[in-house]
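Reading the structure
For reference, the chains in residue letters:
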Amino acid sequence: MSFTIERPRLRRGAPGGAPGGPSAPTTVAEQLAQRGDKLFFIGCLVCGTWILGLIGAPILIYGLYLLRQAEKQGASIRPWSITIVGGLLLVDASVNFMAWSLDMFAHNTAIGRTLWIDYGRMVDGGYANFYNTGAVGGVSVTPEKAIQFASCWLVMPMKIAGAWYLLKMRRTGLQWSILANWLYFCLWASYTVAMSLDFPVRFGSSSLGVLGFWLIGGIPFTGPVVVLPFLYTVNKELFTE
Amino acid sequence: MSAIDGPSQHPETPPEFAVLHKWLIRVCVFFFVWLVAEGAGLVPYLIAHYGWW
């Protein structure tokens, strides 16, 4: 089985462009694609903040629409599968970076308390009980805070950078996405154990209980289980060095 | 789904893994839609049900 694959132009250092620099769009369709790409990236990050999610989702969808229009007008864009996986990585990383940072840095603000205490009442009671009583504020469940630090300071910025370069069709993006997703997988395993051990005081006191764990915490965070095999079976030749 | 499936798998991927690859993309689409819906809808839902703090 073999495929003939035309390398997409939506990447830095494309043929004809300055070495290592962004290739300037030459046609209206390519300009449209570049604009759509930018809006898609911004929309994914804004959508993951949760607080501004209602604004981010339309931006993201509009970006996808522009990309589709550009493709119809003849622009050579990256495979849609890479767009979807890159978008998934970005929204997921943004949730675990920006939204969780509100608990870490903005736990005294009305918006931070509203988001996380309300989240605690519905999903994870650890955020509703004894909120802001720990040494560093925010959620007072110790394992949760430790995983939050690892996510916000290390893994999620790495994942966002990896996804950005993945969307730019750079080999670096593929490699860093694989690395960041393995780290995320380790975090997810630790997170699941931590939540299970504290289940009675966390999910036992929330509205949704165990259903909340699966709906909010369980299903979306299993992303790396799906993304990693995809990244290992994707055609590496699509990505430039 | 044909536009999303695309020719993105490695040329030497065995056929059974090629099928897996396509299904992985479909699950990724599901997760992506889920996360976007969650991102857009969670906070309005929380505020409507539990109010401000």
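Residues numbered from 1 in each chain as written. Chains lettered and ligands numbered in written order. Predicted model: local features only at pLDDT ≥ 70, side-chain atom pairs only at ≥ 80, totals over all residues. Heavy atoms only, no water.

1. Some remarks on empty space enclosed by the protein
All names here are of chain A. Here is the rule we go by: Site definitions follow a grid-based scheme: protein atoms alone, a 1 Å grid, a 1.4 Å probe that fits but cannot get out for cavities, and for pockets an open set with protein on both sides within 12 Å along at least five of seven lines, plus lining residues having an atom within 4 Å of a point. Grid points are joined across faces, edges and corners, and a volume is the space filled by probe spheres set on the points. Per the convention used, a helix needs a DSSP run of H or I reaching at least four residues, while a strand needs a run of E reaching at least two, with both numbered from the N terminus.
Enumeration according to the criterion identifies 2 cavities of 30 Å³ or more in this entry. By volume, the largest cavity amounts to about 180 Å³. Looking at the largest cavity, it is lined by 16 residues, and the ones nearest its centre are N96, W100, E144, Y191 and F221. Elements with a minimum of two residues in the lining of the largest cavity: α3 (80-105), α4 (110-122), α5 (142-167) and α6 (171-197).

2. Quick look at α3 of chain A
This is how it is decided: A helix is expected to span 1.5 Å multiplied by its residue count minus one. A 1.4 Å probe rolled over the protein chains alone gives each residue an accessible area, and that area as a share of the maximum for its type sets the label: buried under 20%, exposed over 50%, partly exposed in between.
For α3 of chain A, with 26 residues, the first-to-last C-alpha span of 36 Å sits near the 38 Å given by 1.5 Å per residue. Counting buried positions along α3 of chain A gives 23 out of 26 residues, so the element sits mostly inside the fold.

3. Looking at the confidence of the model for chain B
Regions with low pLDDT should not have their predicted coordinates read in detail. As a reminder of what qualifies: A residue's pLDDT is simply how confident the predictor is in it, with values from 0 to 100.
Scored by pLDDT, chain B has a mean of 80; 77% of the residues are at 70 or more. Confidence metrics for the complex model read pTM 0.86 and ipTM 0.83.

4. Description of the state of the cysteines
Residues and elements named next belong to chain A. Operational definition: Cysteine sulfurs are considered disulfide-paired once they come within 2.5 Å of each other.
Per the stated rule, a full pass over the model turns up 0 disulfides over all chains. Of all cysteine sulfurs, the one in C47 lies closest to C44, which takes part in no disulfide; the gap is 7.4 Å. With relative accessibility at 0%, the residue C44 sits in the buried group. A disulfide-free cysteine, C152 has its sulfur positioned 17 Å from the sulfur of C186, the nearest such atom.

5. Quick look at helix α9 (residues 223-233) of chain A
Helical periodicity: at 3.6 residues per turn, an α-helix aligns residues three or four positions apart in one direction. Heads up, the rule is: The contact criterion used is simple: two residues touch if any of their non-hydrogen atoms lie within 4.5 Å.
With respect to burial, α9 of chain A is a largely interior element, 8 of its 11 residues being buried. Those residues of α9 of chain A not exposed but buried are G223, P224, V226, V227, L228, F230, L231 and T233 of chain A. In this fold, the buried residues of α9 of chain A make contact with α3, α5 and α6 of chain A together with α2 (15-50) of chain B.

6. Points about the packing of helix α2 (residues 53-72) of chain A against α2 of chain B
We count it as follows: Axes, fitted as lines to C-alpha atoms, cover a helix only where it is in contact. Angles between the N-to-C directions of the axes lie from 0 to 180 degrees. Here the term charged refers only to Asp, Glu, Lys and Arg, the term nonpolar to Ala, Val, Leu, Ile, Met, Phe, Trp, Tyr, Cys and Pro, and the term polar to all other amino acids, Gly among them.
Axis separation between α2 of chain A and α2 of chain B bottoms out at 7 Å; the angle between their running directions is 150 degrees. For the pair α2 of chain A and α2 of chain B, contact is made by G53, L54, A57, L60 and L64 of chain A and by F32, V36, G39, A40 and P44 of chain B, respectively. Of the residues belonging to the contact of α2 of chain A with α2 of chain B, the class tally is 8 nonpolar, 2 polar and no charged.

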